[in-house]
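Fold and contact review
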Amino acid sequence: MKNPHIAADGFTYEAEAIEEWLEAHDTSPMTNLPLRNCVTIPNSALRLVIQEHLQRGP
Amino acid sequence: MSQFHVTSIYVEVMQSDTKFVLSFQVLILTKVRHPHLVNLLGACDEVSALVYDYLPNGSLEDRLSCKGNTPALTWQVRTRIIGEICSALIFLHSHKPKPIVHGDLKPSNILLDADLVSKLGDFGIARFLVPSDTSTMVHLTDHPIGTMFYSDPEYMAHGELTQGSDVYSFGIIILRLLTGRHPREIVKRVEDAMINDELHTIIDRSAGEWPFVQVQQLARIAMRCAAEKRRRRADLVTDVWPVVETMMKNASLSACPSTSSSIQDESSVPHYFLCPILQVHVLLHIESFYVHDSYFHPSEVVLTYIHMDAANEIRRS
């Protein structure tokens, strides 16, 4: 993921992908349960870890 | 610095006459999720194929026989696998509203991921249990299916599949992990060795310096699991789990990380680094792609490496 965002279901998604999903749904893509809200928050901790991983790895 | 992620899937293509088995596997595997059960990603009805996460270290059977000259599994890894399978069985057996019995537990149905973490697979003959006259939960059949040496003798004789059937197979698997020997008459061999105080002579030396106290404990547990009579078998929750849980903790403390990852797939990326939505899209794309190009080889394993970003580009266009 380049820009991980956490949704109200607690799962983290690619920002672009979850926004596209939320345009057509109000449920969680993982659990199919209704989401409390459609706000997504940048998951900066995971973003940092992914960037570190990419820098380390091939 | 590379910008793409690579993920791998495993496609199991079944014979055309196994539609029922396929739908049943899907039914069970979509209902249950557990860290030590294979993760079903999708299914394709047209070609009777199931799509799982790709598990690069193959089956426990292959690793025990060191197929492809892979290093022997260490005692620490073996202990952990015993605990993992125990937890998966307890999970299945306590499924609500109906317990699930695997029914064909054996090393070739236990798959290992890049870190040699085990995943129980092949739910081809798994069943939900229903209450019988005697208030115990069973699945009754006139034609017991199973695998020689691992199948519960009472199930083979009477066609009654219960949680105890999995416990028997689990006992045989523990004995195989301990001794590295063929499962034929393994119970008798270990029993004789225990009576004659010669247990140390039949332990698989390629597993390393297995602490003898643990070997004795595991052998005793395994013998109780593999008791001929179902009602005498050990209870996984009360008898087995407390012991193996302690052992797992001790084994992981002394496990050397380099040995457990010696045959690791270098391209593996932690799954939580990947967006679940994009993974599903990629999978659907690949599935239809191969189906239309009839790329599937019947009853052959097809391994597919997907270039995530490339596949996403195709999806968007």
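These remarks concern the structure in this document. Computed from a predicted structure; not experimentally measured.

The rules we used
- Residues numbered from 1 in each chain as written.
- Chains lettered and ligands numbered in written order.
- Predicted model: local features only at pLDDT ≥ 70, side-chain atom pairs only at ≥ 80, totals over all residues.
- Heavy atoms only, no water.
- Salt bridge = Lys/Arg side-chain N within 4 Å of Asp/Glu carboxyl O.
- Buried < 20%, exposed > 50% of the residue type's maximum accessible area, 1.4 Å probe, protein only.
- Helix = DSSP H or I, 4+ residues; strand = E, 2+ residues; numbered from the N terminus.
- Axes fitted to C-alpha atoms, helices over the stretch in contact; angles between N-to-C directions.
- Parallel < 35°, antiparallel > 145°, perpendicular 65-115°, else oblique.
- Left-handed = near helix turned anticlockwise from the far one by under 90°.
- Contact = heavy atoms within 4.5 Å.
- Nonpolar A, V, L, I, M, F, W, Y, C, P; charged D, E, K, R; others polar.

Pairing between side chains of opposite charge can happen when their charged atoms approach one another. Residue and element names in this part refer to chain B. Taken as a whole and judged by the stated rule, the model has 11 salt bridges over all chains. Across the salt bridge formed by Lys67 and Asp62, the nearest N and O atoms sit 3.9 Å from each other. Here Asp62 falls in the partly exposed class, since its relative accessible area comes to 22%. One salt bridge in this structure joins Arg233 and Asp152, with 2.7 Å as the shortest N-O distance. Highlighted residues: Arg233 in the loop between helix 7 (212–225) and helix 8 (236–254) and Asp152 in the loop between strand 9 (137–140) and helix 4 (153–158), separated in sequence by 81 residues. Through salt bridges that share partners, Asp152, Glu160, Arg230 and Arg233 make up one connected network.

Residue and element names in this part refer to chain B. Their axes nearest at 10 Å, the elements helix 5 (residues 163–179) and helix 6 (residues 186–195) cross at an angle of 60°. Overall, the two elements helix 5 and helix 6 adopt an arrangement that is oblique. You can see that helix 5 and helix 6 cross each other, and the crossing is left-handed. Counting all contacts with helix 5, which are made through Ile172, Leu175, Arg176 and Thr179, the residues of helix 6 involved are Ile186, Val187 and Val190. Across the contact of helix 5 with helix 6, the residue classes tally to 5 nonpolar, 1 polar and 1 charged.

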